[in-house]
Amino acid sequence: MDQSNPLPQARATALAASALALPGHYDELRGRCAPTAAPALGAWQDFFAALGPAGAAELDQRQRSLERLIGDNGVTYNVYADADGPQRPWALDLLPMLIGPEDWASIESGVRQRVQLLEAIMADVYASQQLIAQGLLPQELVQGHPGYLRALQGSEPVGQTHLRIAAFDLARSPQGHWWVVSQRTQAPSGLGYLLENRNCISLQFPQPFEALQVRSLAASYKALIDAMASACPELDGGPKRIVLLTPGPYNETYFEHAYLARHLGLSLVEGSDLTVRNERLYLKTIAGLEPVHGVLKRLDDEFLDPLELRADSTLGVPGLLQVVRAGHVLMANAPGSAFLESPALLGFLPALSEHLLGQPLQLPSLATWWCGEHAALQDVLPKLREHVIKPTYPSGHGLSVIARDLGAAKLAELSARIAERGQDHTVQAYQPLSQTPTWRAGKMMMRSGLIRVFALADGPRSWRILPGALGRLAQRDEAIASMQQGGSSADIWVLGRAGQRGANEALAPAAANTAPAHRPVQSSSAISSRAGENLYWLGRYTERAENTVRLAELTLKSLHGEDRECPRLLDWLGRSAQVNALVLPDTPTALQSSRVFARALMAGLADTTRVTSVAYNLLALKNAAAQVRERLSQAQWQTIVQAEQDFGQRCQTQEAPLQTGEQLSQALNALRWASHWLEAITGAQTDRMMRDDGWRLLSIGRHVERLGSLAAAMGRALSTQALHTEGGLRAVLSLFDSTITYQARFQQRRDLGAVLELLVQDGDNPRSLAWVTQTLRWRLDRLQAGRMPEPLSALLPDPARWSLGALCNAGASQRHDETALQAQCSALAQAAWNLSDQIGRRCFSHAVDGRSVGA
């Protein structure tokens, strides 16, 4: 910063004047313990100087931009107990937290030493257990911990490394020193949110981001996956496949599972996507079973294998531990590290570091007493009010408790419980968290926070520290920073030294600095059976929604238009509406009462409990898309969400009952907008997705639905003789979305033969039965590509052999007898549904002979 120019310093001083840390907390803005009247640190002065002439005046606008960006990107954090629903937007503060190069150097060195220590503990515990034998590690904290897996005792980790990802929660003391509060080794969360935080905040502050030489994240993510790919077992000589194992969309951090899978180039899988055969792990794909060499797991260990761990788990893979013991799959992290997460272990790490590493801990832990030791219990009980009480084991007594917040009676009750079962409780020194500036309601405020720092393995027993962190901020006047308790997150900027462009690589532009471009070597772009099935149904529900919207709009317009007196047309529309569940079975037919029929149809449009209603189809479309979000662009996903929400809002019943005309106008408006949204969704599916097997399944789903629906509609039009009326011809052309094509080719001519030729036999009309059938056959052949013995395309007739004369049994007078064509349409619709069943059996089910696990 130019010291001769007082403007940046004055700007920072003015902003900071009203943002004061609470007494006893370290002030991150001023770099010392509060209370203090010191000016903002030089880094913060540089930050505000880089904002430009507008400075803080634009912070409110940037805050709104950030909120829109999070909403548009669909960033969510699921809260199981949230009464408002399973998802809520990710809470991200506008201002980053700044960490200088000297501070970061000590953090980096200390965290690297700690992960080396934890790795050494793991190596001993699952081998000779000398630490327990020598009394350096209590047996109760290892073998008595539910996270210790006896089933893996004596097994060696693939790649010589148990811990490929470790996370450490750090807090700054009032004196400015960093202390370790906790550590996570099972399936540490935050890597995806950290990346998204960086993406969002760097876009809000591109000038400060560059001016402060913020360290890059990309190389660390790339190194993690490169190291995993290199360490994966060589089993079949082919390319290696790494998957990301998620509990599924209802997990609280599912967004980051999908986010990481997309950016790291991994297949996002659930336990049901994997299977074990003869001590090998396989991915169930639409083409069969493909070997899996590595697993980046986001699933707690106890759920991994229902055969050897929790028998009630539906999230894991039966036989997975057998594969691990055989050394046939790399797991990141290796199962069995959960005991390292116990807060009680922190008190033993100083002595373990001296013993295993021959050096003292560089980054200390908060003073910790495990109450399972009599001496520690007697020492800490009299001064309990000054400390924090935590459960030793994950099945312990609830959450952490700050003793000073308890009344005398509650504290006495807790003290008695600790005295009775001391091994279940760990007591930790209370330390006020440092406070960092945030931007709320148009002004700067201070919030308590801690940071989560990640160590990522980049080789055998070698780690690099990700030069950034996930900040967690407490709510106002709260002492605990927890996302589950309503806290927020912050991007952590690790600043480079003067003249330095980043420690690992040259500084990249902000947008390029957020995500690794690396993709691990994979055996193919195989589609898991679960993903394939959801893509297939995404296609079917998209097409089904379009068909029902078009049919509902056509029916309402016909019932209130000039053709409302045409009985054949009303008969065809009424039957079509009932078959597609637009009205209930006991509704009077359109012929009996067109007004009652229309009201029933309008009343059911937004009923999500009625299968195949418009609202149901839009909801089902969204649910199918949610299962494959990692394959969809953010824009495509947002369009799908907005389509479902918009239709529901436009169909909402008004406070006062609507008159018939108003109700009709509201319904037609909702259908018209739904059609617009569906056109956008179709465009994205057609022009914004890779033409791989997943897209082919989506396209096949669309064309199966189109063939079955339109063939059945044509059959009904023939049976009701609706095509022999002027209104019927127009209506059928409209349902087939071929009115413009017909008018361009035949102008004002209304001829049954011409209509049948266009809608049944024309090979250039994407809505004709022949075109849909032929396209389906091509897609199926490309999908199978010789991988299945019996081609699915053989289940459909070859349209090249069709001729309208033969289909209609045209005699010498060339008068059309539609009986044969009607039968052909019924057979074609049934063939479409039969094909759907066969696709499910061959591509989505993997029932095999023999044992599933193998001895």
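All figures in this text were calculated on a predicted structure; none of them were measured in a lab. (Residues numbered from 1 in each chain as written. Predicted model: local features only at pLDDT ≥ 70, side-chain atom pairs only at ≥ 80, totals over all residues. Heavy atoms only, no water.)

Let's talk about the overall build of the protein chain
Note the cut-off: A run of DSSP states H or I qualifies as a helix once it reaches four residues; a run of E qualifies as a strand once it reaches two. Both are numbered from the N-terminal end. Burial classes: relative accessible area under 20% of the type maximum marks a residue as buried, over 50% as exposed, and values in between as partly exposed (1.4 Å probe, protein chains only). Note on definitions: a residue-residue contact is assigned when non-hydrogen atoms from the two residues lie within 4.5 Å. Surface accessibility follows the Shrake-Rupley procedure with a 1.4 Å probe radius. Residue values consider only the protein chains on display as shielding.
Check the secondary structure of the protein chain and you find 27 helices and 21 strands. When burial is assessed residue by residue, the protein chain has 58% of its 855 residues classed as buried. Excluding contacts between residues fewer than 6 apart, the proportion of contacts in the protein chain whose partners are at least 24 apart in sequence is 72%. Of the roughly 34300 Å² that the protein chain leaves accessible, carbon and sulfur atoms contribute 50%.

Describing the packing of helix α3 (residues 59–73) against helix α7 (residues 191–204)
To be explicit about the condition: Every axis corresponds to a line fitted to the C-alpha atoms, with the helix fit spanning only the stretch in contact, and the corresponding angles, defined between N-to-C directions, vary from 0 to 180 degrees. Crossing chirality is assigned from the near helix's rotation relative to the far helix, an anticlockwise turn below a right angle marking it left-handed and a clockwise turn marking it right-handed.
Between α3 and α7, the least distance of the axes is 10 Å, while the angle of their chain directions is 145 degrees. In this structure, α3 meets α7 at a crossing whose hand is right-handed. For the pair formed by α3 and α7, the contact residues are R62, S65, L66, L69, I70 and N73 on the first element and E196, N199, C200, I201, L203 and Q204 on the second.

Notes on the side chain of T426
Test applied: In protein, a polar contact means a hydrogen-donor-capable atom and an acceptor-capable atom, both N or O and within 3.5 Å, with residues adjacent in sequence counting only if both atoms are side-chain atoms; elsewhere, any N or O pair within 3.5 Å suffices.
With respect to the element layout, T426 can be found in strand β16 (residues 425–429). Reaching out from T426, the side chain makes a polar contact with the side chain of T392 at a distance of 2.9 Å. The residues contacting T426, other than those within four sequence positions of it, are P343, A344, T368, W369, W370, V388, I389, K390 and T392.

Details of the environment of T612
Considering the arrangement of structural elements, one finds T612 in the loop between α17 (594–604) and α18 (614–626). Accessibility expressed as a relative area gives 15% for T612, which makes it buried. Separated by 68 residues in sequence, T612 and R544 place their C-alpha atoms 7.7 Å apart. Contact partners of T612, with chain neighbours within four places excluded, come to R544, T548, N580, A581 and N617. Within the local environment of T612, its side chain forms a polar contact with the backbone oxygen of N580, the two atoms lying 2.5 Å apart.

Some thoughts on the sheet that holds strand β9 (residues 280–285)
What counts here: We treat two strands as partners when DSSP finds at least two bridges between them.
Pairing within the open sheet is antiparallel, and its three strands lie in the order β8-β9-β10. Edge positions in the open sheet fall to β8 (274–277) and β10 (288–291), since each of these has one partner strand only. Averaged over neighbouring strand pairs, the angle between their axes works out to 45 degrees when direction is ignored. Direction of pairing for β8 relative to β9: antiparallel, over a ladder of four bridges. Residue pairing in the sheet places L274 in a bridge with L283 of β9.

Here we look at the pattern of salt bridges
Quick note on the threshold: Within this document, salt bridges are pairs made up of a side-chain nitrogen of Lys or Arg and a carboxyl oxygen of Asp or Glu, the two lying within 4 Å of each other.
For the structure shown, the criterion picks out 39 salt bridges. Its salt-bridge partner being R172, residue E28 comes within 2.9 Å of it at the nearest N-O pair. Within this pair, whereas E28 is found in the loop between β1 (26–27) and β2 (32–33), its partner R172 is found in strand β4 (residues 165–172), the two being separated by 144 residues in sequence. Judged by its relative accessible area of 4%, E28 falls in the buried class. On the accessibility criterion, R172 (3% relative accessible area) is buried. Between E562 and R730 there is a salt bridge, and its shortest N-O distance comes to 3.4 Å. Of this pair, E562 sits in the loop between α15 (529–559) and α16 (567–579) while R730 sits in helix α22 (residues 726–735), and the two are 168 residues apart along the sequence. We classify E562 as exposed; its relative accessible area is 67%. Classification of R730 as partly exposed rests on a relative accessible area of 29%. The network of salt bridges with shared partners includes E543, E546, R702, R706 and R767.

Remarks on α7
In plain terms, the rule: Take the number of residues in a helix, subtract one, and multiply by 1.5 Å to get its expected span.
Taking 1.5 Å of rise per residue, the 14 residues of α7 would be expected to cover 20 Å, and the 20 Å separating its terminal C-alpha atoms lies within 8% of that figure. Within α7, 13 of the 14 residues are buried, which leaves the element mostly enclosed by the surrounding structure.

Some details on the packing of aromatic side chains
As a reminder, the rule being used: Think of it this way: a Phe, Tyr or Trp ring, Trp meaning its six-membered ring, pairs with another when their centres are within 6.5 Å, and the plane angle makes it stacked under 30 degrees, edge-to-face over 60, tilted otherwise. Here, a charge over a ring means that NZ of Lys or CZ of Arg falls within 6 Å of the ring centre while also lying within 35 degrees of the ring normal.
Applying the stated criterion to the full structure yields 14 aromatic pairs. Judged by centre distance (5.4 Å) and plane angle (65 degrees), the rings of W44 and F47 are edge-to-face. Of this pair, W44 and F47 both sit in helix α2 (residues 42–49), three residues apart, which is roughly one turn of the helix. The same class applies to W44 as to F47, namely buried. Here Y742 and F746 contribute two aromatic rings whose centre-to-centre distance is 4.9 Å and whose plane-to-plane angle is 40 degrees, an arrangement assigned as tilted. Placement of both Y742 and F746 in helix α23 (residues 739–746) is noted, with a separation of four residues, approximately one turn of the helix. Residue Y742 is classed as buried on the basis of its relative accessible area of 1%. Taking the relative accessible area as the measure of exposure, F746 reaches 17% and is therefore buried. Members of the aromatic cluster, joined through ring pairs, are W44, F47, F48, F205, F209 and W493. Here the guanidinium or amino end of R691 rests over the ring plane of W695, the centre of that ring lying 4.1 Å away.

Description of the side chain of T720
Relative to the helices and strands, T720 resides in the loop between α21 (693–719) and α22. At a separation of 2.8 Å, a polar atom in the side chain of T720 contacts the main-chain carbonyl oxygen of R716. Residues within four places of T720 in sequence aside, it is in contact with R568, D571, W572 and R575.

Some details on the sheet that holds β16
For sheets, the rule is that strands pair by backbone hydrogen bonds, running either parallel or antiparallel. Within the open sheet, the four strands sit side by side as β13-β16-β14-β15. Their pairing is antiparallel. Looking at which strands have only one partner, the edges of the open sheet turn out to be β13 (368–370) and β15 (401–402). Where β13 lies against β16, three bridges are found, and the strand directions are antiparallel. Bridged to T368 within β16 is Q428.

Digging into the confidence of the model for the protein chain
Basically, it comes down to this: pLDDT is a per-residue confidence score from the predictor, ranging from 0 to 100.
Summarising the model, the protein chain shows a mean pLDDT of 86, and 87% of its residues fall at 70 or more. Mean pLDDT in the protein chain bottoms out at helix α1 (residues 7–16), which sits at 60, and peaks at helix α4 (residues 101–125), which reaches 97. Confidence drops under pLDDT 50 across residues 501–521; counting only partners more than four residues distant or on other chains, this segment forms 55 contacts. Predicted confidence for residues 848–855 stays below pLDDT 50, and this span has 16 contacts to residues more than four positions away or in other chains.

Some words on unusual backbone geometry
At the junction of A34 and P35, the peptide bond is cis and its omega measures out at 0 degrees in the coordinates. Within the fold, P35 resides in the loop between β2 and α2. The omega torsion of the bond from A332 to N333 falls at 0 degrees, within 30 degrees of zero and hence cis. Turning to its location among the elements, N333 is positioned in the loop between β12 (330–332) and α12 (349–356). Phi is positive for N278, close to 50 degrees, though the residue is something other than glycine. You can see N278 is positioned in the loop between β8 and β9. A positive phi angle, near 60 degrees, is found at Q721, a position not held by glycine. Summarising the element assignment, Q721 is placed in the loop between α21 and α22. Residue Q721 is classed as partly exposed on the basis of its relative accessible area, which comes to 37%.

Things to note about the pairing of strand β20 (residues 469–473)
The two faces of a sheet get side chains in turn, since along a regular strand they alternate between them. In terms of residue burial, β20 counts as a mostly covered element, since five of its five residues are buried. Residues A469, G471 and L473 of β20 are buried on one face, and the alternating residues L470 and R472, pointing to the opposite face, are buried as well. Across four bridges, the pairing between strand β18 (residues 443–459) and β20 is antiparallel. Residue pairing across strands places L450 opposite R472, the latter belonging to β20.

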